[in-house]
Amino acid sequence: MTMLRVRDMTVRFGGIVALDGVSLDLNRGEILGMIGPNGAGKTTLFNCISGVIRPDHGSILFETNDLTYAPPHRRAQLGIARTFQNLQLWGSMTVQENLMVPMDALGRRNTFSDALYLPFSAYAERASSERARAILHVLDLGRYARTLAGDLPAGIQRRVEIARALAMRPKLLLLDEPAAGLDAQETAHLAELLHAVRERFHVSMLLVDHDMSLVMRVCDFVYVLDFGKLLARGRPAAIRNDPKVVAAYLGEESKKLTGDVMTVAAARKEEPPLLEVDRLAAGYGGLEVIRDVTLSVRPGEVVACIGANGAGKTTTLRAISGMIHPRAGHVVFAGRDVTGSPAERITKLGLVHIPEGRGLFPTISVEDTLRLVSNSAGHEVDIAPAFQLFPRLRERRRQLVGTLSGGEQQMVALARAILSEPRLVMIDEMSQGLAPTVVRQLFEIVRVFREQGIAVLLVEQFVESALDVADRAYVFEHGTIALSGPAVELRSDRTLVTGSYLGTAADASTIAAANGNGHHIDPALMEVMSVRVPAKVKRALEQRAENEGRPAGAVVVELLGKVDDQ
Amino acid sequence: MTSRLMFRVLAALVAFTVLARIPVGFDVGFKFDSALAVIWAFGLLSLVLLTGYVGQISLCQATFAGVGAYATGLMVAGFHTDYLVAVGVGVAAAFTLGVIVGIPALRLRGITLAIVTLGIALVFDRYVFQDHAFEWFTGGTAGWRVDRATMFGLQMDSSKHLMSAYIVLLALFCVVALLMVNLHDSGAGRRLRAIRDSELSAATMGVNLTRYKLLAFGMSAAIAGLGGSFYPLVAGSVSPQPFWLFTSLQFAAIAVLMGVRYVPAAALGGVFMAVVPDVLTRFGHGTFMGHAYEISYDWFQIAVGVLLIVQLIALPDGVWGDLRARVRHARSAAGAIGGRKVKVA
Ligand SMILES: Nc1ncnc2c1ncn2[C@@H]1O[C@H](COP(=O)(O)OP(=O)(O)OP(=O)(O)O)[C@@H](O)[C@H]1O
Ligand SMILES: [Mg+2]
């Protein structure tokens, strides 16, 4: 039975046609995936369905209601909930309060009885807060109930967004890139959660994400958008091999780098480090988040920081770039002690930080954002290279940054950093929100950096890709560095990585989940992705690896190869 | 939960008893200042609701107070009603105007909304409060004189019963302030605050923006109007000057200075607004080490401007907000209260 029927949706922004006659049908209980390059119109379609923007043309039918002209809150009442790609939590309210708003906005509450604290309101209040706590508990967010939503790291905010949408008890859930910024293990959990929500609550979903492992795993059917038009639709497996989709969105496999990485890294060994961080400690309020972080980056070196969400990577970058004040330790950049210097001074020395939230001004145009770089550099900088790197931005040059699609904003942030001719770029969540083809291109850019002698310190949830491109890597765990070494070694020695970084997760499922997306893909592992390897199997694998004296990862790959042959 | 409510009621009662005694024994001028302080505090409280809770900007709060004052004056001087009835009419008039002003606010925000409300203040200042066409409402150039008013059937003469006017005003303020604090933590308050933090997600999570924004503007105007309605009683007459454009601007500046999110900051700001200029005019001249000096009322404006700049740099959450944060920090450092001890990254 069709639950949502979208017909002929067309949206124009000035000369740009963001959506061009898109139609879509969603059945009850179905999870529908939607993929497409950056700026294809996915978020715009969500905006139309949730009523945030009015389409120029087209109609929306939800169950038996014509929604075309309904205001957003009316759609919420009918059971349509959504999450936002660029997080829209109510930052100055606690997580629990965030969940309670949609709950009682939909109930019958009265402003005056609330202010007077009449028994009716007090009762409803208790009921809402208990339900909120239950939902938080299920999503493993219970301990954040009393934290202000704005204080949470982005990865957790994304989960709170889902919790808040579920608090509405929706019939239809629109998820806009829920896996952005989540690591492989968390993405696997998310997939399970979405399945569970569908089973338990009979919620239909529309899912946009660039993480193909998630889309492939949870969706019954996939729509592909390109330039606002429907490019293809079909079952996930068919979409994956559709040549049109591969050409427009997924792209070809990149070849894996091997030996030459080592030689580059070796060549830089003699030069003195560009950035030296010594026993750094930092935190927020009464809480110490990182301690004893010691790392170094040489000129032209690409260094990856990996580790679970909350391990302290973002905080480390912030403390280095002066966004927060270190509590102990030293940061030496280009031979100067910059510990606790103001961020602007550090930037002037050639250390550019692209923060998680991208740090852009929404009401400035793309072109002006890029020109600002030249102003702060003190001389005119040619902004043409930015457009060569990201041709998409050329067409969007007059558009306000705030109205760009999520991926386009990430491009602007990267372009701005590159234009400032830095000596070291620190990128937090580099590939977040970018389409697979762009991600691949980005990793190429990082390689170009290395050739030009620009050093890169990157935080990346896609461990495989990060290790592919990096010379060295630091593995963060519980606010400090648990492990470090040349990326090549870390990559082959999977027990090391799984031991500290992936914690208790089963090897195979996490390796597999890291695939898709322009990130390195092991086809055999893609298949077993949905199988949770039981703890016993894992132990057996480790034992075998120990006996044979090689990494467990290698054993897994070999075993899977055998399975494939049969 | 209920213990928190009890605590608040208690706090309001204590505040009332303490504040009610302060002007006793001072001269009439100071008593007048005290009453005026509460009237201005109502104006600031209206901004706590509108800006602090809902995130809307308004530069015409004094206009709402003025409409309340004139409507009350009209009822008392023109129709000889009981003062409380007149206050009811004044509040209703202000509420209505607030809802009307709220209509453009449905589409506008930020600087454009500021300019639109500024325009409204200007229009009322020039073309309503001071225009012949509205003499029926404003009582002409002389304004309404309210010499003999009755409240609860009791005689409330402005010059002789300044103290009782002050007590009634203060009691009302404590009640409204208490309701405001309650509102903040209630379901409706959460919806209002959701609009402040992100309109986009508030709308998609089921908050009816039209309804709540209009309600917020209406309630805010009503609060300002409630204060204004007592102006004729306290001053004995109504004139355009106290409710001119500049008072609206002062409301905005002082609300931000004291902490626009906090109810007690409104009381603090009211005192500041009423007492400091008076102190300046009384004691602002004399001789110091042989030199005659004079600090006029103009200095007050300059001082507010300078303080505002200092505050924006040093105490971004306002005087009260910063005080509060310091106290909380000290308490959680002392281990008395758990505070927010949650892992953050
Ligand atoms: N308010 C607006 N004004 C002008 N152009 C806009 C506006 N909103 C969106 N666009 C443009 O419409 C196009 C579609 O944007 P949309 O956000 O739907 O992309 P998307 O498919 O979600 O991309 P991504 O994967 O990067 O999130 C983009 O090119 C964007 O720049
Ligand atoms: Mg998008």
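Just so you know, these numbers come straight off a predicted model, no measurement behind them. (Residues numbered from 1 in each chain as written. Chains lettered and ligands numbered in written order. Predicted model: local features only at pLDDT ≥ 70, side-chain atom pairs only at ≥ 80, totals over all residues. Heavy atoms only, no water.)

**A closer look at the site of ligand 1**
Residue and element names in this part refer to chain A.
- Residues in close proximity to ligand 1 total 21 residues, the closest being Thr43, Thr44, Arg396, Ser405 and Gly407.
- Within the side chain of Thr43, a nitrogen or oxygen atom sits 2.6 Å from an oxygen atom of ligand 1.
- Considered on its own, ligand 1 offers 640 Å² of accessible surface; in the complex 89% of this is hidden by protein.
- Broken down by secondary-structure element, the contributors of at least two residues to the shell around ligand 1 are helix H1 (42-50) and helix H17 (406-419).
- When the residues that make up the shell around ligand 1 are grouped by side-chain class, the tally is four nonpolar, 12 polar and five charged.
- Each of domain 1 (2-250 + 518-530) and domain 3 (363-421) gives at least three residues to the shell around ligand 1. (Near = heavy atom within 4 Å. Polar contact = N/O pair within 3.5 Å; in protein donor to acceptor, adjacent residues only side chain to side chain. Areas by Shrake-Rupley, 256 points an atom, 1.4 Å probe, with all protein chains shown as cover. Helix = DSSP H or I, 4+ residues; strand = E, 2+ residues; numbered from the N terminus. Nonpolar A, V, L, I, M, F, W, Y, C, P; charged D, E, K, R; others polar. Domains from an automatic or database assignment.)

**Concerning the packing of aromatic side chains**
All names here are of chain B.
- Per the stated rule, a full pass over the model turns up 11 aromatic pairs over all chains.
- Taken together, a centroid distance of 5.8 Å and an interplanar angle of 75 degrees make the contact between Trp40 and Phe251 edge-to-face. Placement of the pair is Trp40 in helix H2 (residues 28-53) and Phe251 in helix H12 (residues 245-258), with a sequence separation of 211 residues.
- For Trp40, a relative accessible area of 8% gives the class buried.
- Taking the relative accessible area as the measure of exposure, Phe251 reaches 1% and is therefore buried. (Phe/Tyr/Trp six-rings, centres within 6.5 Å; stacked < 30°, edge-to-face > 60°. Buried < 20%, exposed > 50% of the residue type's maximum accessible area, 1.4 Å probe, protein only.)

**What about helix H7 (residues 184-201) of chain A?**
- For H7(A), which comprises 18 residues, the first-to-last C-alpha distance of 25 Å matches the rise-based estimate of 26 Å (1.5 Å per residue) to within 8%.
- Where H7(A) terminates, the next one or two residues include His202(A), which has phi positive at roughly 55 degrees. (Expected span 1.5 Å × (residues − 1).)

**So, the interface of chain A and chain B**
- With 42 residues of chain A at the interface, the matching set in chain B holds 35 residues.
- Across the chain A to chain B interface the summed buried area is about 3600 Å²; carbon plus sulfur atoms make up 63%.
- Linking chain A to chain B there are one salt bridge.
- We note a salt bridge from Arg193(B) to Glu97(A), for which the minimum N-O separation is 2.9 Å.
- Of all the elements in the fold, those that place two or more residues in the side of chain A that touches chain B are helix H2 (72-78), strand S6 (80-82), helix H3 (95-106), helix H4 (111-116) and strand S12 (287-297) of chain A.
- The biggest single contributor to the side of chain A that touches chain B is H3(A), with seven residues.
- When grouped by side-chain class, the residues that make up the side of chain A that touches chain B number 23 nonpolar, nine polar and 10 charged. (Contact = heavy atoms within 4.5 Å. Buried area = accessible area lost by both parts, 1.4 Å probe. Salt bridge = Lys/Arg side-chain N within 4 Å of Asp/Glu carboxyl O.)

**Things to note about the pattern of salt bridges**
Residues and elements named next belong to chain A.
- Per the stated rule, a full pass over the model turns up 20 salt bridges over all chains.
- Notably, a salt bridge pairs Glu63 with Lys171, separated by 3.1 Å at the nearest N-O pair. Of the two residues, Glu63 sits in the loop between strand S4 (57-62) and strand S5 (65-66) while Lys171 sits in the loop between helix H6 (154-167) and strand S7 (172-176), which places them 108 residues apart along the sequence.
- Exposure remark for Lys171: the relative accessible area of 34% places this residue in the partly exposed category.
- Where Arg398 meets Glu367, a salt bridge forms, and the shortest distance between an N and an O atom there is 2.9 Å.

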